[in-house]
Amino acid sequence: MRIAGCLHITTETAVLVRTLQAAGAQTAWSGCNPLSTQDDVAAALAQEEIDIFGWRGLSKDEYYWCIEKVIATKPNLTLDDGADLVFTLHEAHPGQAKEIVGGTEETTTGVHRLRALAEEGRLKYPIIGVNDAETKWDFDNVYGTGQSSIDGIIRATNVLIAGKNFVVCGYGHCGKGIAMRAKGLGANVIVTEVDPVNALKAAMEGYRVMPMINAAKIGNIFITATGCNDVITGKHMSLMKDGVILCNTGHFNVEVSVSELERLAKSKREIRPNNMEYTLADGRRLYLLAEGRLVNLGAAEGHPSEVMDMSFANQFLSLIYLAKEGKNLKAGVYDVPKELDREVAKIKLQTMGFEIDELTPEQVRYIRGYGAGT
Ligand SMILES: NC(=O)c1ccc[n+]([C@@H]2O[C@H](COP(=O)([O-])OP(=O)(O)OC[C@H]3O[C@@H](n4cnc5c(N)ncnc54)[C@H](O)[C@@H]3O)[C@@H](O)[C@H]2O)c1
């Protein structure tokens, strides 16, 4: 198969690319974010004569040039993270879609975009939303993003987390992980939400829940993890304390309004790598990390391999499934088949050295029937 990939070029991705090649596929790859490519990894893959298009600090035009290069290899499977590859293919090369038997999507925002495309009847081939697999969404997004986002904040600032008012915007999978890790480091965690159920979960976990306009006045560190735009805007920035740290870990750089920060600031200077100090007219300083792009990949190395292994096992198994079954599926967004999801959990447990119990035949009979009462 010819696989076109568009996914952060990190060490973990390099292992996925090598694995796909070892299974006999031809691959061509671009990064899915202008700031997340690890140049040494891209160079190592290039040295192995693997088609790889990406470097850290791409302009928007260069970013799409890389995606075009990958599409030009005429893939019959796609692997996307954020759906920029799939959207470019649909918009600029719709004729190529008939060559493609299927695709996979790595992240929440990408799955949302593809569902929107499918609802408009415009999605042209089947795509498996790998993000929504239990062994991806409940681990990579929670424990991976939780740890690596804090890692990014610390690398870019060397700030002490203990005692800080740490504002997590969005208490979904990623937000939950970040809040948990910030709390563990001694922060006073504040959550902002728009969903009443997730807000309630945060409240019962012991976090303060409040609207952004109130959190803006008391927070020391702010991180967005929503997949939504304009979560932190100029009206919030104008209320913030001196020395506040702002960052984002959602897929696109739309959550913290960088354009409004630029407009409010009278000067800016880079005080450390991935840390821009903006001085406002009244002298207050706000620190924006990794240009408002994913802080864990822009200012650190993304998630550790011990959690990406599960995500990429789902990717690998889903691509094999699509290579076999894709031609029999209608265009649409599909879940990772349940048995693959469970298989990944089973193998992961084995690699971690854990064993679990098995139901006895009597227990199976009991829980299937539930006939027996008091
Ligand atoms: N940095 C990374 O490595 C990484 C990893 C996985 C996912 N992501 C991205 O992170 C984002 C979140 O993913 P997720 O899996 O946690 O999604 P999710 O759907 O589980 O959670 C998102 C939460 O944000 C809340 N929300 C939406 N708009 C809001 C707003 N304006 N203010 C406050 N809360 C709001 C939602 O109610 C929801 O609870 C997505 O863009 C996803 O693609 C990034």
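In what follows, the accompanying structure is described. (Residues numbered from 1 in each chain as written. Predicted model: local features only at pLDDT ≥ 70, side-chain atom pairs only at ≥ 80, totals over all residues. Heavy atoms only, no water.)

1. Overview of the site of the ligand
Inference 1: With respect to spatial proximity, 28 residues lie near the ligand, and among them Thr107, Thr108, Thr109, His173 and Glu193 are the closest.
Inference 2: Side-chain polar atom of Thr109 to an oxygen atom of the ligand: 2.6 Å apart, as the coordinates give it.
Inference 3: Between the ligand and Asn296, the relevant distance is 2.8 Å, taken from an oxygen atom to a side-chain nitrogen or oxygen of the residue.
Inference 4: Within the complex, the protein chains bury 87% of what would otherwise be the 870 Å² of accessible surface of the ligand.
Inference 5: At the level of elements, α5 (108–119), α7 (140–157), α8 (173–184) and α13 (295–298) are the ones that each hand at least two residues to the shell around the ligand.
Inference 6: Its residues placed into classes, the shell around the ligand shows nine nonpolar, 17 polar and two charged. (Near = heavy atom within 4 Å. Polar contact = N/O pair within 3.5 Å; in protein donor to acceptor, adjacent residues only side chain to side chain. Areas by Shrake-Rupley, 256 points an atom, 1.4 Å probe, with all protein chains shown as cover. Helix = DSSP H or I, 4+ residues; strand = E, 2+ residues; numbered from the N terminus. Nonpolar A, V, L, I, M, F, W, Y, C, P; charged D, E, K, R; others polar.)

2. Focus on the pairing of strand β11 (residues 244–248)
A regular strand places its side chains on the two faces of the sheet in alternate fashion.
Inference 1: Counting buried residues along β11, five of its five residues qualify, which places the element largely inside the surrounding structure.
Inference 2: Across the two faces of β11 the burial is the same, with Val244, Leu246 and Asn248 and Ile245 and Cys247 all buried.
Inference 3: Pairing analysis gives four bridges linking strand β10 (residues 221–224) to β11, with the strands arranged parallel. Bridging from a neighbouring strand, Ile221 pairs with Ile245 of β11.
Inference 4: As paired elements, β11 and strand β14 (residues 285–289) share three bridges and run parallel to each other. The residue bridging Val244 from the neighbouring strand is Leu286, located in β14. (Buried < 20%, exposed > 50% of the residue type's maximum accessible area, 1.4 Å probe, protein only. Pairing = 2+ DSSP bridges.)

3. Description of the packing of aromatic side chains
Inference 1: One pass over the structure, following the stated rule, counts five aromatic pairs.
Inference 2: An aromatic cluster is built from Phe53, Trp55 and Trp65, whose rings are joined through pairwise contacts.
Inference 3: The ring of Phe87 has Arg113 lying over it, and the distance from NZ or CZ to the ring centre is 4.2 Å. (Phe/Tyr/Trp six-rings, centres within 6.5 Å; stacked < 30°, edge-to-face > 60°. Lys NZ or Arg CZ within 6 Å of the ring centre and 35° of its normal.)

4. Side note on the sheet that holds strand β3 (residues 51–53)
Inference 1: Across the sheet, seven strands lie side by side as β3-β2-β1-β4-β5-β6-β15; this open sheet has parallel pairing. Every interior strand has two partners, whereas the edge strands, β3 and β15 (332–334), have only one. Strand-to-strand twist in this sheet, taken as the mean axis angle between neighbours without regard to direction, amounts to 20 degrees.
Inference 2: Note that strand β5 (residues 102–105) and strand β6 (residues 126–129) share three bridges and pair parallel. Pairing of Glu105 across the sheet is with Gly129, part of β6.
Inference 3: α5 contacts β5, β6 and β15 of the sheet and is inclined by roughly 140 degrees relative to β15. (Axes fitted to C-alpha atoms, helices over the stretch in contact; angles between N-to-C directions. Contact = heavy atoms within 4.5 Å.)

What is shown is where atoms sit, not what they do.
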